[in-house]
Amino acid sequence: MSESALRLVWVYPDLLSTYGDRGNVLVVERRARQRGLDVARIDVRSDQPVPTSGDIYLIGGGEDRPQRLAGERLRADPGLHRAVENGAIVLGVCAGYQIMGHEFIDDRGQRTPGLGLLDVWSTRGEGVRNVGDILAEPDPRLGLPTLTGFENHQGITHLGQGVSPLARVTVGGGNGTGDGTEGAWRDTVFGTYLHGPILARNPAVADLLIKLALDVSALPPADNTWYDALRAERIAAVQLPVQ
């Protein structure tokens with residue numbers, strides 16, 4: 001489809017890669033190669049500069065202290081901001097989602113500045129953690145099917161006027177605000193609390209990132225057998241009546 005490679009950047013896998021979020025990188029790489037695309041994957045550790053020339057950037061989840069360290073280093077490194085200014089696609093999951101906002105609560109209980117890539121800010125809930133499978137109906141403008149994932153967080157993420165909810169939950173806690181929202185997005189920047197990993201359970205999201213990176217409206221068909229089986233299993237498990 002293209003003479004040049006799709007540049008896929010995995011940001012800080014040494015700090016932000018809990019709950020199998022490495023799988024998101026593998027899925028995007030696999031989905032692109034299924035379409036005949038060459039992929040140049042760049043794993044950027046936290047002691048390395050973030051390149052500005054990537055097409056898709058993936059940021060995973062992490063515990064509170066690694067999240068703080070990642071936020072500090074990303075604030076000191078202009079690479080991700082410049083990449084977004086250049087039109088790059090970004091997906092942040094859980095801790096990565098919070099870091100992309102204006103502020104979050106760190107491991108010391110202090111308000112910590114984020115990157116401001118999304119008009120959101122995160123506080124810490126005082127009640128029960130949001131843990132378990134989640135189903136959500138995505139923003140219709142994204143053209144995605146029902147989202148399935150796994151959440152494990154105590155964050156409460158508030159959305160400002162500069163973003164839209166990524167989805168609205170039918171099962172689960174989502175952003176934790178009680179308004180049914182899950183995640184946020186603006187232009188080419190996306191944030192979510194969905195692990196699973198999200199792109200393994202929702203290959204259409206991986207395809208969306210690739211389409212945005214290539215600036216195309218459609219991709220050639222790809223084998224979805226494994227993904228469809230996983231999606232069906234997890235959606236059915238959530239919808240089973242409690243015994």
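Residues numbered from 1 in each chain as written. Predicted model: local features only at pLDDT ≥ 70, side-chain atom pairs only at ≥ 80, totals over all residues. Heavy atoms only, no water.

Considerations on the overall build of the protein
Spelled out, the test is: By the criteria applied, helices consist of DSSP H or I runs no shorter than four residues and strands consist of E runs no shorter than two, each listed in order from the N terminus. The buried label goes to any residue with under 20% of its type's maximum accessible area, the exposed label to any with over 50%, and the partly exposed label to all in between, with areas taken from a 1.4 Å probe on protein chains only. In what follows, a contact means two residues having at least one pair of non-hydrogen atoms within 4.5 Å. Exposure was quantified through the Shrake-Rupley algorithm and a 1.4 Å probe, taking into account, for residues, occlusion by the shown protein chains and nothing else.
Counting secondary structure elements, the protein contains 7 helices and 14 strands. The buried share of the protein, reckoned over its 243 residues, is 52%. Long-range pairs, those at least 24 residues apart, make up 69% of the contacts in the protein between residues at least 6 apart in sequence. Roughly 10700 Å² of accessible area belongs to the protein as shown, and the carbon and sulfur atoms make up 49% of that amount.

Regarding the sheet that holds strand β11 (residues 167-171)
Where we set the bar: When DSSP finds two or more bridges between two strands, those strands count as paired.
The sheet built from 4 strands is open, its strands ordered β9-β8-β11-β12 with antiparallel pairing. The sheet is open, and its two borders are formed by β9 (147-153) and β12 (181-182), each paired with just one other strand. As judged from the 4 bridges shared by strand β8 (residues 130-138) and β11, these two strands associate in the antiparallel manner. Bridging from a neighbouring strand, glutamate 137 pairs with arginine 168 of β11.

Focus on the UniProt feature "domain: CobB/CobQ-like glutamine amidotransferase" (unreviewed entry) in the protein
What counts, and what does not: UniProt positions are given in the numbering used here, feature names are shortened, and annotations may be inferred rather than shown by experiment.
Mapped onto this structure's residue numbering, the UniProt feature "domain: CobB/CobQ-like glutamine amidotransferase" (unreviewed entry) falls at residues 8-202. In residues 8-202, the share of helix is 22% and the share of strand is 33%. The end C-alpha atoms are 18 Å apart.

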